[in-house]
Every structure is written in structure tokens, then in C-alpha cells.
Amino acid sequence: MRKENVKVIVWGLGSMGKGIAEMLLNKKGVDVVGAVVRGDKIGKSMYEFLDMERGDREDLATGSFEDVIKEGAADIVVLGTDSFTKDNFEKIKYCVERKINVVSTAEEMAYPKAQEPELTAEIDKLAKENGVTVLGTGINPGLIMDLLVLTLTGACIDVESIKAERINNLSPFGPAVMKGQGVGITVDEFNKRVEEDNLDGHVGFPETITMIADGLGWELSDDIKLTRAPIVSSVYRKAPNAEVQPGDVAGCNMKGYGYVDGEMKIEMLHPQQVEPQLEGGTTGDYITIKGNPNINMSITPEVPGGIGTIAMTVNMIPNIINARPGLKTMIDLPIPRAIMGDMRDLIED
């Protein structure tokens, strides 16, 4: 007898949630059975928010999380909101207590114990008590600057140091990311927000650096160091969710450093901005591992951040459903890969 389709609820239909819903609707063996939205979006057809036709699919009305997320309603909730573990916690708790697995796109959830050890322990406890699994993933953190780095070290006898650089285009992301990166503001405002610790830049370097260190068995000896600098545009730039005047900020040049026994062992460089090609910029992902042997990897142009996050989130669904209960990270589960067949075939009995 054929298994039932994998049932998925999408919480949030912003830039990422919308793309995730569209990807799911084009996969075999999976059904989107609910979409959680807020305010005046509630009660409208999900297809009003998607860039695809409903066709002969059953229509699906959006609703509040209380109306949509009920025990037995789905196998997994895709949580496409927020960037921080503390902001995700109550939402994850709500889903888990209704015995539904969760995959979150929140950057800090990729390795939450790096900055939120108490919430990490609580999420793990709740998930185990309710027999479900929770995972945070995305393109970065989740793959490019952490899981892929660790995978490449599998070919090393020894590792002396790691440098990862991601030069990417921010344009596919939503308003929350644009605000967090300072896109469109003046340089003075950018520097003021950095001084006030009110500008996120790239969210996830503490998680990425801690994941790599834990994965290799390195013990970080000092606080992880982070720096943020404005990328100033000399031309007018426009993205779907941002507009930049000449002389204003097009993005954030974010750097992170991890130390072992006082020596810098992990270096993360992440300049990201909207429409870099307008000033001759090229994108790419670069990993340099010094060790035995030395390993150098480059991907040009970059793996697109928006598409990559959408794909990682969907492609990890079978691994999450199959996993033992608890809070997991990308180094706990089988490697991600594209699902080109029927998702049901990847679900264990």
C-alpha cells in the first residue's frame, strides 16, 4: 500500500516561506496542508501570495497559527520567520507540543547552543518528550560556511586553520534582512547602529564558528569576535525589498573570528550587498583549509542565497522526519541532497 503524502504546514509566507511553499507544491509525494499568516492575510487563498497558478490543486485558505497548527494536522511545520532562537522559541514550542516536527530557517537555530544554551536544552527536552525532531537550516548557516567546510575536512589528516568567504547578492531576501544589514541607510546611521549594537549584519557567525569548532573537536578559548563595516554604493541600486541612493549603504561587510588557545583558527568573511554587479562586483563562495593536505574550493558565482535556503529547508524534510526525537543540527543528520523523486520513498517505516 502506498504511503500517504508527507503533510507540511508553512508558517510565514514572506520571501522564504513563499518560495518554500512553491517548491513543495511542485514536488511529488508531499502536500501543503496549511499556511500560517497574520493580520489581514488571514482567510485569503494561499495562492494570492504565490507566484504560481492554483491549477487543479485544492485551494487552501490561510489562517492564524492557532487555527492551522493542531495535533495530527501535519508531519512537519516549516517555520520561515525570524532570525533569532529567542524569537523562534515560543513558535517551536507550540508546534512541538502538538507533536509536529519543525524545520526553521532562523539563522541562530542552525546551532542554537552557541548563544542560547538554555533555550537549546529546553527545545531538545520538549522535542524528546513529544517524540518529534527540530532542525534549523538554510544556505548559511546550514551549508556553505559550516557543513560544507566540515565535509571537506574529512579528507584531512590534520587541520591547522580554516577560512571561509561568501560574497553574495542580498537582493532575493525580504525586508527583515534588508533592515538587519542596514541596506538603504546612510553611512552615519550605519555606524551609529553598529555602535549601539542595533545592526545585525550577517546573523549566524557564532553558530557557524561554534559548529565548526565542535565538529573538529576544537575548544574555543576566547569570545568569538565580530566586525561590521558598511559597503557604500556609488550608484543607484534597486532590489525587490530595498532601494539604495548613491553614497548610502548597499550592504554589510561582516567578519567573524574564532580562537583556539589564543590563536585564530577560524576566519569568516561575508561581504553581502544588493545588486553588486552594478559596480562590477562578482559573487562566489570560497573555502581555504590549511592542513594535511591543504584544500582550496571556489564556487563562482555564489550559490544563490534565496534559492539555496528554500532548497535546503525542503530537502532536509525526510531526514528530519526519519530522525530520532530531539533538537538536531546539520552535523547530526544525513547530508542534504536534492529530492527529484517521490518524497514518500525517502520516509522510513
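Being a predicted model, the structure only gives us computed values, none of them experimental.

Undergrad: For this particular structure, what's the right way to read the overall build of the protein chain?
TA: Within the protein chain, the secondary structure is distributed over ten helices and 14 strands. What you see for the protein chain is a C-alpha radius of gyration of 20 Å, in line with the 20 Å of a compact globule of 349 residues. The C-alpha extent of the protein chain, read off along each of the three principal axes, is 55 × 50 × 35 Å. Within the protein chain, the proportion of its 349 residues that are buried is 54%.

Undergrad: Is there a simple way to explain the sheet that holds strand β10 (residues 249-260) in this structure?
TA: Backbone-to-backbone hydrogen bonds join strands into a sheet, with any given pair of strands oriented parallel or antiparallel. Read across the open sheet, the six strands follow the order β7-β10-β11-β6-β12-β13; overall the sheet is mixed. Both edges of this open sheet fall to β7 (225-232) and β13 (295-299), since each of them pairs with a single strand only. Looking at each pair of strands side by side, their axes are set apart by 10 degrees on average, direction ignored. As paired elements, strand β12 (residues 284-292) and β13 share five bridges and run antiparallel to each other. If you follow threonine 288 over to β13, its bridge partner there is asparagine 296. In the packing of helix α7 (residues 187-195) onto the sheet, contacts are made with β7 and β10, and the angle to β7 comes to roughly 170 degrees.

Undergrad: Explain helix α3 (residues 85-96) here, please?
TA: An α-helix turns once every 3.6 residues. As a result, residues three or four positions apart point the same way. Three or more residues of α3 are buried, namely Thr85, Asn88, Phe89, Ile92, Tyr94, Cys95 and Val96. For α3, the elements touching its buried residues are β1 (6-11), α2 (65-68), β3 (76-79), β4 (101-104), α4 (117-130) and β5 (133-136).

Undergrad: Would you explain the nonpolar core in this entry?
TA: Across soluble globular proteins, nonpolar side chains have a tendency to be buried as a group. Counting 46 residues, the largest nonpolar core has Val8, Leu13, Leu24, Met46, Val274 and Ile317 as its most contacted members. Those elements giving two or more residues to this core turn out to be β1, α1 (15-25), β2 (30-36), β3, β9 (242-244), α9 (305-315) and α10 (317-322). Here the element with the most residues in this core is α1; it accounts for six residues. The residues touching leucine 13, leaving out its near neighbours within four places in the chain, are Lys18, Ala21, Ala35, Val36, Val37, Met46, Phe49 and Thr62. Counting 30 residues, the second-largest nonpolar core is a separate cluster that includes Leu148, Leu150, Met211 and Val249.

Undergrad: Honestly, unusual backbone geometry in this entry has me stumped. Any pointers?
TA: Only a minority of non-glycine residues have a phi that is not negative, and only a minority of peptide bonds are not trans. Put simply, asparagine 140 and proline 141 share a cis peptide bond, and its omega is 0 degrees. Take proline 141: it is sitting in the loop between β5 and α5 (147-153). For the bond from threonine 300 to proline 301, the omega torsion is -5 degrees, close enough to zero to count as cis. Of note, aspartate 82 is a non-glycine position whose phi angle comes to about 70 degrees, a positive value. When its relative accessible area of 32% is taken as the criterion, aspartate 82 is described as partly exposed.

Undergrad: What am I meant to see in helix α8 (residues 205-216) here?
TA: Spanning twelve residues, α8 covers 16 Å between terminal C-alpha atoms, matching the ideal 16 Å at 1.5 Å per step. Of all twelve residues in α8, nine are buried, a share of seventy percent or more. Within the span of α8, buried status applies to Phe205, Pro206, Glu207, Thr208, Ile209, Thr210, Met211, Ile212 and Ala213. On its buried face, α8 sits against α5, β6 (158-169), β7, β10 and β11 (263-273).

Undergrad: Honestly, the sheet that holds β3 in this entry has me stumped. Any pointers?
TA: As summarised here, the arrangement of the six strands in space is β2-β1-β3-β4-β5-β14, forming an open sheet in which the pairing is parallel. Edge positions in the sheet fall to β2 and β14 (326-328), since each has one partner strand and no second. Strand-to-strand twist across the sheet, computed as the mean angle between neighbouring axes with direction ignored, equals 20 degrees. Pairing of β1 with β2, which is carried by six bridges, proceeds in the parallel orientation. When the sheet's bridge partners are listed, valine 10 is paired in β2 with alanine 35.

Undergrad: Which parts of the structure should I look at to understand the pattern of salt bridges?
TA: Inspection of every chain in the model, using the stated rule, returns 14 salt bridges. A salt bridge links lysine 91 to aspartate 82; its shortest N-O distance comes to 2.7 Å. Look at lysine 91 and you get partly exposed, because its relative accessible area is 21%. Across the pair aspartate 87 and lysine 86 runs a salt bridge whose closest N-O atoms are separated by 3.7 Å. Through salt bridges with shared partners, a single network forms among Lys18, Glu22 and Asp51.

Undergrad: Would you mind showing me how to read the packing of α3 against α4 here?
TA: Working note: a packed helix pair is described by the angle between its axes plus the distance between those axes. Two elements in contact, α3 and α4, have axes whose closest approach is 10 Å; the angle formed by their N-to-C orientations is 10 degrees. Judged by the angle between their axes, α3 and α4 are roughly parallel. Here Thr85, Lys86, Phe89, Ile92, Lys93 and Val96 of α3 lie close against α4, whose contacting residues are Leu119, Glu122, Ile123, Leu126, Ala127 and Asn130. Of the residues assigned to the contact of α3 with α4, the class counts are seven nonpolar, two polar and three charged.

About the criteria used
- Counting restarts for each chain: residues are numbered from 1 in the order of the written sequence.
- Totals for whole chains, interfaces and linings use all residues, but because this is a predicted model, local features are given only for residues with pLDDT of at least 70 and pairs of side-chain atoms are given and counted only at 80 or more.
- To get the side-chain values, all heavy atoms of the structure are used, and hydrogens and water are removed first.
- Put simply, DSSP marks the helices as runs of H or I at least four residues long and the strands as runs of E at least two long, and each gets a number from the N terminus on.
- With C-alpha atoms as the basis for the radius of gyration, the globule rule is written as 2.2 Å multiplied by the number of residues raised to the power 0.38.
- Only protein chains enter the accessibility calculation, which uses a 1.4 Å probe; a residue whose area is less than 20% of its type maximum is buried, one above 50% is exposed, and one in between is partly exposed.
- Paired strands, as defined in this entry, are two strands with at least two bridges between them according to DSSP.
- Think of each axis as a best-fit line through the C-alpha atoms, taken over the contacting stretch in the case of a helix, with angles from 0 to 180 degrees between the N-to-C directions.
- Contacts are assigned to residue pairs with any non-hydrogen atoms lying within 4.5 Å of each other.
- Residues enter a nonpolar core if they are buried and are Ala, Val, Leu, Ile, Met, Phe, Trp, Tyr or Cys, with the set joined through side-chain atoms within 4.5 Å.
- Here the expected span of a helix is defined as 1.5 Å times the quantity of residues minus one.
- By salt bridge we mean one thing: a side-chain nitrogen of Lys or Arg within 4 Å of a carboxyl oxygen of Asp or Glu.
- Orientation labels follow simple angle bins: below 35 degrees gives roughly parallel, above 145 gives roughly antiparallel, 65 to 115 gives roughly perpendicular, and whatever is left gives oblique.
- The classification used treats Ala, Val, Leu, Ile, Met, Phe, Trp, Tyr, Cys and Pro as nonpolar, Asp, Glu, Lys and Arg as charged, and all other residues, Gly among them, as polar.

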